[in-house]
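Here's the letter readout for the chains.
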Amino acid sequence: MVTIPLLAAGDRKGVLVGGWKSKEDLSEPHVTEIGRFAVMSTKKKSKNEFKFKSVEKGETKVVSGTNYQLILVVKDGKNCYQQCIIYGGGK
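For the structure given in this document, a descriptive report is provided here. (Residues numbered from 1 in each chain as written. Predicted model: local features only at pLDDT ≥ 70, side-chain atom pairs only at ≥ 80, totals over all residues. Heavy atoms only, no water.)

### Concerning the overall build of the protein
Consideration 1: What the protein contains, in helices and strands, is 1 helix and 5 strands.
Consideration 2: Starting at the N terminus, the α and β elements of the protein follow one another as β-β-α-β-β-β.
Consideration 3: Buried positions account for 38% of the 91 residues belonging to the protein.
Consideration 4: Within the protein, residue pairs in contact and separated by at least 24 positions form 58% of the contacts whose partners lie at least 6 positions apart. (Helix = DSSP H or I, 4+ residues; strand = E, 2+ residues; numbered from the N terminus. Buried < 20%, exposed > 50% of the residue type's maximum accessible area, 1.4 Å probe, protein only. Contact = heavy atoms within 4.5 Å.)

### Overview of the pairing of strand β3 (residues 51-62)
Consideration 1: In this sheet, β3 lies alongside strand β2 (residues 20-22) in antiparallel orientation, the contact comprising 3 bridges. Bridge assignment links lysine 21 to a residue of β3, and that residue is threonine 60.
Consideration 2: Linkage of β3 to strand β4 (residues 66-75), two consecutive antiparallel strands, is achieved through a turn of 3 residues. (Pairing = 2+ DSSP bridges.)

### Let's talk about the pattern of salt bridges
Consideration 1: Tallied over the entire structure, the rule returns 2 salt bridges.
Consideration 2: Its salt-bridge partner being glutamate 49, residue lysine 43 comes within 3.9 Å of it at the nearest N-O pair.
Consideration 3: With a relative accessible area of 31%, lysine 43 lands in the partly exposed category. (Salt bridge = Lys/Arg side-chain N within 4 Å of Asp/Glu carboxyl O.)

### Regarding the nonpolar core
Consideration 1: Val39, Val55, Tyr68, Leu70, Leu72, Cys84 and Ile86 are the most contacted members of the largest nonpolar core, which has 13 residues in total.
Consideration 2: Elements supplying a minimum of two residues to this core: α1 (29-46), β3, β4 and β5 (79-87). (Core = buried A, V, L, I, M, F, W, Y, C linked by side-chain atoms within 4.5 Å.)

### Notes on the environment of leucine 26
Consideration 1: You can see leucine 26 is positioned in the loop between β2 and α1.
Consideration 2: Between the alpha carbons of leucine 26 and glycine 58 there is a distance of 6.9 Å; along the sequence they are 32 residues apart.
Consideration 3: In this view, leucine 26 contacts Val31, Thr32, Val55, Glu56, Lys57 and Gly58; residues no more than four positions away in its chain are not counted.

Right under this line is the structure:
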């Protein structure tokens, strides 16, 4: 699991504060951008040739900002999965 701090504000309408909620639109540009950032950060730290493919599953959690928990499909010689939690901030 990779944990990466990232400031990200999201839509909080109808979301229970503190609970995880399934993210319906995984092709949303903001979600894809977060996934690409997570893979790029992991690639720099591990020196592997990870390549972002897609977001397989996602959840959001509203605290003081929006946290994202994503399951990513990455390529490292073969397709594999990577889980990341992105801590958001802001309003």
